[in-house]
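This is what each chain is made of:
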Amino acid sequence: MSKFRTIEISDPRYESANLRFMTVKSQHLRGRGDICIFVPPGISASEVLPVVILLHGVYGSAWAWTHSAGVHLQVMEMIRSGEIPPMILAMPSDGLWGDGSAYLPHNGYDFEKWIAEDVVAALSEKIAGVTEASPLFITGLSMGGFGALRIGAKNGSLFRGMSGHSSITSLEQMSLFAEEELSNYRQLSAADEHVFQTIEQHRCHLPAMRFDCGLGDPLIEYNRQLHQQLKAAGIAHVYDEFPGGHEWPYWTAHIGNSLKFFAQQLRYAPKNNNNSIKP
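Residues numbered from 1 in each chain as written. Predicted model: local features only at pLDDT ≥ 70, side-chain atom pairs only at ≥ 80, totals over all residues. Heavy atoms only, no water.

Undergrad: Would you mind going over the overall build of the protein with me for this structure?
TA: Of the regular secondary structure elements, the protein holds seven helices and 11 strands. Taking 19 Å as the expected radius of gyration for a compact globule of 279 residues, we find that the protein reaches 17 Å, a close match to that expectation. Dimensions of the protein, computed from the C-alpha atoms along their principal axes, are close to 50 × 45 × 35 Å. Within the protein, the proportion of its 279 residues that are buried is 56%. (Helix = DSSP H or I, 4+ residues; strand = E, 2+ residues; numbered from the N terminus. Rg over C-alpha atoms; globule rule 2.2 N^0.38 Å. Buried < 20%, exposed > 50% of the residue type's maximum accessible area, 1.4 Å probe, protein only.)

Written as structure tokens, this is what we have:
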């Protein structure tokens, strides 16, 4: 029996580039949410594949990672070259609240559970290769990095790995991008507003973690601070810095680092990348 009242999924006859589209009616959204899904070709119903949830940033939606970064094309090439094993990518909308929902529960909606519960359940119902045994990973950019690191930390029994690119590390930083007042988001515990505090609170059951930021990014000092806080607390993680700013060319260039990191958690050995600048 379906968890959802309705699920609409694209017709394979009209799909292209191995992308599928799904619209789910979610109780947590009190309405419909969209998911763009990359499914490698040739998947049989009996296969069990890892799933990576990619969260977008402010202003975007389910289309952002594919149509601003071509991530599905990059993943296909990485699979072909043997850098990563076949993976399914799930790219949900954030719930489309304001400039960005921050993937938090607020204003009567639970944008966090939409990601952690509904997206996974919808994939399991409708996508070949996704089962309860599928290893799950979560990553995102900017606001999506904030969501990925928080949701990953709070659901360590669900996710094997989490990462963030150019991540917002504290709710206050949403004001750098969104016009909505921060008071709209402040309907949860203070600890949940800060990535470090959320991670520290759940440190006994954390997924493997990495994050990175561009040297020209306005969020670089916040990411460096998070790195130092994690080091001081003895919490294992990987942190990288690369040239670049808060922009799609940066995220396009470095999403592969997270995918290879996730592949390592599956005991799959990707090629080495020696271009990072270690802080």
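From this point on, the discussion continues.
Undergrad: Can you walk me through the packing of aromatic side chains in this structure?
TA: In the structure shown here, the tally under the stated rule is eight aromatic pairs. Ring geometry for Trp-248 against Trp-251: centres 5.2 Å apart, planes inclined by 90°, an arrangement best described as edge-to-face. On the criterion of helical spacing, the pair formed by Trp-248 and Trp-251 is a turn pair, its members being three residues apart in helix α7 (residues 248–265). Look at Trp-251 and you get buried, because its relative accessible area is 5%. Between Phe-261 and Phe-262 the ring centres are 6.2 Å apart and the planes differ by 55°, which places this aromatic pair in the tilted class. Linked through ring pairs, Trp-65, Trp-248 and Trp-251 together constitute an aromatic cluster. When the ring centre of Tyr-109 is taken as origin, the NZ or CZ atom of Arg-30, which lies over that ring, is 4.2 Å away. Seen from the ring of Phe-146, Arg-150 lies directly overhead, with NZ or CZ sitting 5.6 Å from the centre. (Phe/Tyr/Trp six-rings, centres within 6.5 Å; stacked < 30°, edge-to-face > 60°. Lys NZ or Arg CZ within 6 Å of the ring centre and 35° of its normal.)

Undergrad: Help me out: how do you make sense of the pairing of strand β10 (residues 208–214) in this one?
TA: Working note: regular strand, side chains alternate between the two faces of the sheet. Burial analysis of β10 places six of its seven residues in the buried class, which makes it a mostly covered element. Both strand β9 (residues 159–165) and β10 contribute to a ladder of five bridges, which runs parallel. If you follow His-165 over to β10, its bridge partner there is Asp-212. Sheet analysis places β10 next to strand β11 (residues 238–242), joined by five bridges and oriented parallel. When the bridges of β11 are listed, Gly-214 appears paired with Phe-242. Remark: the β10/helix α6 (residues 220–233)/β11 crossover connection has right-handed handedness. (Pairing = 2+ DSSP bridges. Right-handed = clockwise from strand over helix to strand, strands pointing away.)

Undergrad: What should I look at first to understand the pairing of strand β3 (residues 31–38) in this one?
TA: Counting buried positions along β3 gives six out of eight residues, so the element sits mostly inside the fold. Of the strand pairs in this sheet, strand β2 (residues 19–26) and β3 are connected by eight bridges, and their pairing is antiparallel. In the sheet register, Ser-26 faces β3, and the bridge partner there is Gly-31. Once β2 ends, the chain turns through four residues before running back antiparallel as β3, passing Arg-30 with a positive phi of about 55°. When β3 meets strand β5 (residues 88–92), the two strands line up antiparallel, connected through four bridges. In the sheet register, Ile-37 faces β5, and the bridge partner there is Ala-90.

Undergrad: Explain the environment of Ser-166 to me, please; I cannot follow it from the model alone.
TA: Locating Ser-166 in the fold gives a position in the loop between β9 and α5 (195–201). Expressed as a C-alpha distance, the spacing of Ser-166 and Asp-212, which sit 46 residues apart in the sequence, is 6.2 Å. Leaving out residues up to four positions away in the same chain, Ser-166 has contacts with Ser-142, Asp-212, Cys-213, Asp-217, Leu-219, Asn-223, His-246, Tyr-250 and Trp-251. (Contact = heavy atoms within 4.5 Å.)

Undergrad: Is there a simple way to think about the environment of Ala-116 in this case?
TA: Examined against the element boundaries, Ala-116 turns out to sit in helix α3 (residues 111–126). By relative accessible area, which is 10% here, Ala-116 ends up buried. Placed 98 residues apart in sequence, Ala-116 and Gly-214 show a C-alpha to C-alpha distance of 27 Å.

Purely geometric numbers; function is a separate question.
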